[in-house]
Amino acid sequence: MAQSGVQLEKISCSICLDLLKDPVTIPCGHSYCMNCIKGHWDGEDQMEVHSCPQCRKDFIPRPNLEKSIMLAELVEDLKEIGLQAAPADHCYAGPEDVACDVCTGRKMKAVKSCLVCLASYCENHLQPHYESSTFKKHKILVNPSKNLKEKICSHHEKVLEFFCRTDQQCICYLCTMDEHKGHETVPAAAERAEKQKKLQESRQQIHQRIQDQEKDVKLLQQEVEAINVSADKAVEDSEKIFTELIRLLQERSSEVKQQIRSQQETEVSRVKDVQEKLEQEITELKRKDAELEQLSHTEDHTQFLLNYPSLPALRESTHSSSINIRPRRNFKDVTAAVSELRDKLQDVLRDPWTDVSQRLNEVQFLLSEPEPETRAEFLKYSQKITLDPNTANSFLSLFERNRKAKKTDKQSYPDHPDRFTQHSQVLSRESLTGRCYWEVEWKGAGRGVVAILNKDVSREEKFGLNDKSWSLVCSTNKYTFKYNNTETPVSGPVSSRIGVYLNHRAGILSFYSVSETMTLLHRVQTRFTQPLYVGVELFCNGASAELIKLK
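Conventions and cut-offs
- The residue numbering used here restarts from 1 in each chain and proceeds along that chain's sequence as written.
- Residue-level local features of this predicted model are given only where pLDDT is at least 70; pairs of side-chain atoms are given and counted only at 80 or more, and the full residue set underlies all totals for whole chains, interfaces and linings.
- The basis for every side-chain value is the complete set of heavy atoms in the structure, and neither hydrogens nor water enter the calculation.
- Residues belong to one nonpolar core when they are buried, are Ala, Val, Leu, Ile, Met, Phe, Trp, Tyr or Cys, and are joined through side-chain atoms within 4.5 Å.
- Each residue's exposure class comes from its accessible area (1.4 Å probe, protein chains only) as a fraction of the maximum for that residue type: buried when under 20%, exposed when over 50%, partly exposed otherwise.
- The way it works is that DSSP assigns letters per residue, a run of H or I at least four long becomes a helix, a run of E at least two long becomes a strand, and they are numbered from the N terminus.
- Contacts between residues were defined by any pair of non-hydrogen atoms, one from each residue, lying within 4.5 Å.
- Starting at the helix axis, one direction is taken to each C-beta atom, and the arc is that of these directions.
- By convention in these notes, a salt bridge is any Lys or Arg side-chain nitrogen within 4 Å of a carboxyl oxygen on Asp or Glu.
- By definition, two strands form a pair when at least two bridges between them are found by DSSP.

Draft legend 1. Just the nonpolar core, in detail. One finds Trp-438, Trp-442, Val-450, Leu-472, Ile-498 and Leu-509 to be the most contacted residues of the largest nonpolar core, which totals 35 residues. With four residues, the single largest contributor to this core is strand β14 (residues 435-443). Look past the residues within four positions of Trp-438 in its chain and what remains in contact with it is Gln-383, Ile-385, Leu-432, Val-450, Ile-452, Ile-498, Gly-499, Val-500, Leu-502, Val-534, Leu-547 and Leu-550. Core analysis: the second largest hydrophobic core is formed by 18 residues, Val-24, Ile-37, Leu-65 and Leu-78 among them.

Draft legend 2. Representation of helix α2 (residues 34-42). Looking at α2, one finds that the buried residues are Met-34, Cys-36, Ile-37 and Trp-41. For α2, the arc enclosing every buried residue in end-on projection is 165°, short of the 170-degree limit, so these residues lie on one face. Buried residues along α2 sit in contact with β1 (23-25), β2 (31-33), β3 (50-51) and β4 (58-59).

Draft legend 3. Expanded view of the pattern of salt bridges. Enumeration over the complete set of coordinates arrives at 26 salt bridges. The salt bridge involving Glu-194 is made with Arg-165; its shortest N-O contact spans 2.7 Å. Within this pair, whereas Glu-194 is found in helix α5 (residues 188-296), its partner Arg-165 is found in the loop between β8 (162-164) and β9 (169-171), the two being separated by 29 residues in sequence. Residue Glu-291 is joined to Arg-287 by a salt bridge in which the shortest nitrogen-to-oxygen separation is 2.7 Å. Placement of the pair is Glu-291 and Arg-287 together in helix α5, with a separation of four residues, close to one helical turn. Accessibility expressed as a relative area gives 39% for Arg-287, which makes it partly exposed. The network of salt bridges with shared partners includes Arg-165, Glu-184, Glu-191, Glu-194, Lys-195 and Lys-198.

Draft legend 4. Inspection of the pairing of strand β17 (residues 479-483) at higher detail. Among the five residues of β17, four are classified as buried, and the element is accordingly described as predominantly covered. Where strand β16 (residues 469-474) and β17 come together, five bridges link them in antiparallel fashion. Counted as the bridge partner of Cys-474 is Tyr-479 from β17. Where β16 hands over to β17, the hairpin turn is made up of four residues, counted between the paired strands. Pairing of β17 with strand β18 (residues 486-490) involves five bridges; the strand directions are antiparallel. Directly across from Phe-481, in β18, lies its bridge partner Thr-488. Linking β17 back to β18 in an antiparallel pair, the connection comprises two residues, with Asn-484 at a positive phi of about 55°.

Draft legend 5. View of the pairing of strand β22 (residues 533-538). Where burial is concerned, most of β22 is hidden: six out of the six residues are buried. Covered by surrounding structure in β22 are Tyr-533, Gly-535 and Glu-537 together with Val-534, Val-536 and Leu-538, the residues of both alternating faces. Of the strand pairs in this sheet, strand β13 (residues 425-427) and β22 are connected by three bridges, and their pairing is antiparallel. Looking across to β22, one finds that Gln-425 is bridged to Glu-537. Two strands pair when backbone bridges link them, and strand β15 (residues 448-453) and β22 are joined in this way by six bridges, in the antiparallel orientation. Looking at β22, one finds that Val-449 is bridged to Glu-537.

Quick look at the structure:
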């Protein structure tokens, strides 16, 4: 019998733990019930790889299943002689399994738990619940559970068969007549059915979102590939163009060098030719000077007078008058001409390079996250901003924990290198990078200017008069944008509140008129190279500007 048990174990399905039903053998040699292995592989369809539950060997594609005639006949023969399969090791309860409460010795896995008995049973010890009249009222069988007491009412020791919708908890039937009397109660099965329906709807939404996001992931992957291809092509083309420019410059450099050396050789040859002739004349003159000196030492007057008339007259030099010693400029004119060429080339490259940087900045902007559209989206980037007293002009007073500036009589502020000296202006204490949004509320006459600027702007200039500050001039009836001393009229609804949005990395600066709605007044697309600061200017006494504390 033990031998038969071993044989029966070998023809048991490792999935359902029972004798093989419609046995099939997969390519690795292991056998299963046809329905068991189909169900197992159906759960793996989304993985596109199917494996053996025992040896974990992978199969691609999913193998076709054919019934094993020999195993099927063997199973039928064993059934006819009334043998049963010996339990395999995996039929026994492990540390994580619910054990049968009736088994002695090595306990089997429980297959059901009874909420009446508050006990769990294996397949064999569960049979009395199906067959014996003693257990005919024990109809509440559930999947094995280690915590059966959680399914029993702690007050009445009854099964939690109902659900109180009022208190959102499981209760027993006695609870419906006690502390939950008058509450909306339904059978637990009915509540489960309703929640199961909602659960399925939630799962469908989750599955739909997964599908949508998987599509987005694929699109993003395609975008990454397209970006890489485009960037690689741009780098390759740029390298070719710059290589060609370098080659042309090297050719011109070689030509200039050759011309300089050629001219150098010509000029040196000419000078040396004249020098050689002059040296010959010097030699001849020295010889004649020696003869004259010798004659001058003749003591005999008669001999001196006889030899003197025979001396040839001194000839005039043939070269001295033709030599034109030019200032020692040498080839400095050539160097100046090459320097001028360099300056012109720099000028030619500067504007196109600015355009290249702008295009790169636009690419960066296109690849960044979407810009906010509604005020709620802008408020996600709200930034707490305070004003720096060390920068405030002496005609400004700060209030509301340095969030509000008001134009007043002259204040006795201490000297500070950061203080604005000529105009009623002040900077924020905080520097701005990344994405930021803030709002300025104007009160009083004249209004003023809200600006974004580099910290190193001149403390004597007004905002917008240089290339380091971008400002919106807010009057009582119009707006004007100022940058680098250039004014641009801005149209839009006049409001006492201005919203400002900055995306430092993308180089975006936007001004909005804020009332019940947000209206875009002016948008700047540029390239910011330094952290930026908020600037405020006020025009008239009594006027104020407050950096609103946004929620």
